[in-house]
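One letter stands for each residue in the lines below.
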Amino acid sequence: MDASDTPRLRVRIRRSDPGAPSTFEVSRFEPMTVLDVLMAVHREQDASVAFRFSCRVAMCGTCTIRVNGRSVLACQSVVDAQTTELYLEPAAGLPVVRDLVVDMTPFWDEWARVKPYLVPAAEMLEPAVVDPESPERRAIDDSLDCIQCGACFSSCGIAGLDRHFIGPAALNRAMVLISDSRDEAAEERLAIVTGADGVDRCHNIFGCTNVCPKGLDPARAIRAMRTGRSWS
Amino acid sequence: MGGEQVESRRAPEGALEFEELVTDVAIIGSGGAGLMCAIHCQDAAPSLGVTVISKGAVGRSGCTRMVQGGYNAVLDAEDSLEMHLEDTLAGGKYLNNQDLAWTLVNDAPKVIRELETRVGCFFDRTSDGHIKQKAFAGQSFDRTVHRGDLTGIEIMSRLRDQMFRIGAKELEDVRALDLVPAVDGSIAGVTGLDVRTGRFVLIRARIVVMATGGAATMYRIAAPAREKTGDGVAMCLRAGLQARDMEMMQFHPTGILAGESLMTGAVLEEGLRGAGAKMFNAEGERYMERYDPEKLERSTRDVVSRASYTEIMQGRGTSSGGVLIDISHLGVEAVEGRFPGMVARTRQIGSDLARGPVEVSPTAHFHMGGVLIDRDCMTGIEGLLVAGEDAGGVHGANRLGGNGVAESTVFGCRAGDTAAALADTRAHVEADVHAVERSLRTALQPLLRQQGPSPFELTDALKSTMWEGCGVVRDRLGLEKTQSRVEDLRERLSEVSVPATREFNRGWQEALDLANQIDVARAVVASALTREETRGAHARSDFPEQRNDSDLHYVVLGQASDGTQNLQLRPVEFSRVDPLAPAREGA
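Residues numbered from 1 in each chain as written. Chains lettered and ligands numbered in written order. Predicted model: local features only at pLDDT ≥ 70, side-chain atom pairs only at ≥ 80, totals over all residues.

Trainee: Just checking my understanding: could you explain the overall build of chain A for this structure?
Mentor: Helix and strand counts for chain A come out as eight helices and seven strands. Projecting the C-alpha coordinates of chain A onto the three principal axes gives extents of approximately 70 × 35 × 30 Å. The buried share among the 232 residues of chain A stands at 49%. Considering only residue pairs separated by 6 or more positions, chain A has 63% of its internal contacts joining residues 24 or more positions apart. (Helix = DSSP H or I, 4+ residues; strand = E, 2+ residues; numbered from the N terminus. Buried ≥ 20, exposed ≤ 12 C-beta atoms within 10 Å, placed from the backbone. Contact = placed C-beta atoms within 7 Å.)

Trainee: Is there a simple way to think about the domain arrangement of chain A in this case?
Mentor: Where interface size is quoted, it is often the accessible area lost as the parts come together. Residues and elements named next belong to chain A. According to the domain assignment, chain A contains domain 1 (3-102) and domain 2 (105-226). Between domain 1 and domain 2, the C-alpha centre-to-centre distance is 30 Å. Counting residues at the interface gives 14 residues for domain 1 and 14 residues for domain 2. Considering each element in turn, the side of domain 1 that touches domain 2 owes the most residues, four residues, to strand 4 (residues 70-73). Here the residues of the side of domain 1 that touches domain 2 sort into eight nonpolar, five polar and one charged. (Domains from an automatic or database assignment. Nonpolar A, V, L, I, M, F, W, Y, C, P; charged D, E, K, R; others polar.)

Trainee: When you look at the confidence of the model for chain B in this model, what are you seeing that I'm missing?
Mentor: Residue and element names in this part refer to chain B. Put simply, chain B has an average pLDDT of 94, and 97% of its residues get 70 or more. Segment residues 1-6: pLDDT under 50, and five contacts once partners within four positions in sequence are set aside and those in other chains are kept. For this predicted complex, the interface confidence score (ipTM) comes to 0.95, while the overall pTM stands at 0.96. (pLDDT = per-residue confidence, 0-100.)

Trainee: Can you walk me through the interface of chain A and chain B in this structure?
Mentor: The interface is formed by 43 residues belonging to chain A together with 49 residues belonging to chain B. At the level of secondary structure, the elements contributing two or more residues to the side of chain A that touches chain B comprise helix 1 (34-44) and strand 6 (96-98) of chain A. Of the residues forming the side of chain A that touches chain B, the biggest block, five residues, is contributed by helix 1 of chain A. Per-class residue counts for the side of chain A that touches chain B are 27 nonpolar, eight polar and eight charged.

As structure tokens, this is what we get:
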């Protein structure tokens with residue numbers, strides 16, 4: 001194919017430096033993800049555009065950006081044949097380090113607030129015997145594979161607006177631990193999640209559940225803790 | 001370049017300035033080995049200052065996170081440590097350091113318990129509520145512990161959670177540049193570059209632990225995360241340490257082919273072949289019938305990779321240079337039910353594992369080779385420990401699936417224990433100022449050149465060169481050609497130029513990654529030339545047979561400060577299992 005026939009894709013990127021080039025055209029190939037588009041910008045146009053990624057197969061959770069306004073993992077977003085233009089912005093609700101790279105500290109600060117690690121009984125020396133079909137595991141299993149990508153945090157109308165909501169990812173983590181019969185800090189955690197910055201600040205907008213790239217349902221976890229239906 | 005005079009930007013005033021940080025234990029890397037080390041060290045000695053230095057996001061970069069399959073550990077009364085050891089040695093074609101392999105299998109059950117009862121992981125259960133263990137290739141017992149097919153996410157997420165409990169210091173987005181010796185040759189610390197600000201740091205420490213992960217990304221088709229550019233091994237080689245088995249690079253037989261997309265090389269899991277997937281060349285022939293008529297597709301990774309590679313190279317591959325894997329005969333529902341993640345992965349690239357064949361290729365996956373260590377992770381430099389994929393000897397010539405995450409966590413724990421015990425015995429020693437300046441000056445160079453090749457272009461050239469000349473099957477002529485091409489790339493690296501921005505400059509980071517990849521690539525090629533036989537992952541078409549084990553040696557490589565390499569052969573000690581002894585009953 002003649003070079004002039006190669007389909008091109010127009011990419012606008014919100015840069016930190018207002019004087020830096022922000023509109024690029026790259027050659028299309030198939031299949032192409034938004035992460036591939038960013039790599040093409042690097043190679044063909046501007047090696048100084050900053051973005052983050054590691055695994056490129058939706059396991060590390062570090063390539064979260066907004067594509068045409070929606071929080072996604074860049075590695076999982078396939079650019080379909082009809083798309084001719086993309087607008088890429090950093091994830092919302094977090095301070096920008098440079099270009100598409102954000103500082104996740106506010107996310108981790110909230111995560112840390114729920115005491116995110118297991119508090120085991122000192123006498124537990126062997127893996128607990130737990131029926132995989134038990135109510136406990138049914139409550140936990142579908143909520144366990146969070147990759148801490150922050151897409152829910154960025155998409156939450158409340159967490160993104162102020163700094164006084166623990167937010168969907170950390171609350172989901174709290175629900176998992178509160179439901180886990182191996183954990184001894186359920187009461188302490190329940191007090192945190194039902195406190196002033198906890199589940200009652202959720203406005204049921206479901207932004208979190210709508211964007212989760214792993215198909216988790218943090219809104220359900222929040223609802224369960226609100227109504228005391230988490231398994232504990 | 002056209003012979004033009006390369007104009008350099010002048011190093012601005014203060015370009016080599018650095019901030020000095022002092023800690024007791026500096027851990028480089030935040031994967032399974034690095035974080036396990038931090039937790040063990042801090043728990044054993046709470047008063048110690050522990051600092052984790054991570055090129056990417058802490059706990060969310062590197063490859064432990066990407067583990068799908070699981071973790072080999074002896075938990076069942078019917079299983080035994082001896083059986084796990086024999087599987088590991090047979091899989092490694094007896095090239096392993098048997099003391100390290102024994103340490104792996106002996107500690108793995110303890111570390112699995114620790115992951116469950118202290119770290120907070122939850123692995124899959126059988127219906128009676130006990131930990132479920134599944135079958136993996138090359139094992140005489142079903143001993144692979146897992147969490148669905150996302151085992152790495154569970155392990156790394158929970159290790160990352162533990163970081164909030166222990167309160168160790170995190171230097172996220174800080175790349176280690178070079179190990180810094182004291183004048184007496186012991187370790188004084190490490191130079192680093194804060195990727196976000198572009199500023200240099202010197203981290204002084206009593207103990208430094210290297211746990212960065214391997215270098216398989218130096219191949220055109222490769223599975224690992226982007227951070228894995230051999231930084232640890234390269235830093236250790238430059239510091240004068242020796243590495244072993246560097247020719248032993250594992251290729252996984254079923255990496256996705258997705259054209260120019262970064263998805264290319266991502267692994268389709270081993271379980272597919274176990275479940276009956278068939279592999280075909282472009283002529284529709286089930287070629288494994290010719291290579292291993294008995295085990296067919298269920299043969300080990302090295303055998304299947306070599307067969308596929310041969311088919312592709314002899315012109316029986318697909319137009320995009322692959323072969324086909326097909327499991328659709330099980331029916332759409334069955335495939336979707338058993339391999340949901342893999343089905344999603346293929347649909348994302350426009351094919352469909354549940355409904356038809358998918359193009360795959362061998363993909364560079366794991367480096368068995370690495371720095372010489374003892375069972376406590378100690379090295380030839382006082383105060384410097386190495387753990388995980390940066391170390392060599394545990395897996396010999398081939399790694400079993402499920403022994404990788406076991407290695408990183410087992411030896412991470414041991415490094416943490418050793419660091420805690422040794423830290424009090426070592427003072428903070430003065431860093432050699434010349435070594436610090438040399439390191440920072442070298443790192444700054446790409447930023448100062450106004451013209452020169454792009455690091456991305458050179459990385460692509462390295463990946464193609466290594467794939468073609470030092471890949472799945474090798475021969476002397478190809479290796480020699482590769483050796484001279486890698487030397488050319490090393491020359492061109494000294495002319496590389498990147499945008500002048502210091503903050504989060506991916507081009508600059510790529511140039512620094514490439515420098516490490518080239519150091520490791522040189523070691524891989526030189527070691528591959530030295531081993532004139534086919535053993536495990538190292539296949540030589542000019543020496544297609546495996547030599548007799550009675551004269552088995554491992555290749556040890558070191559490099560002088562001018563880059564000159566020296567190679568030695570050392571005899572493998574069969575301290576626990578002798579492959580030449582008559583087969584034991586029932587074994």
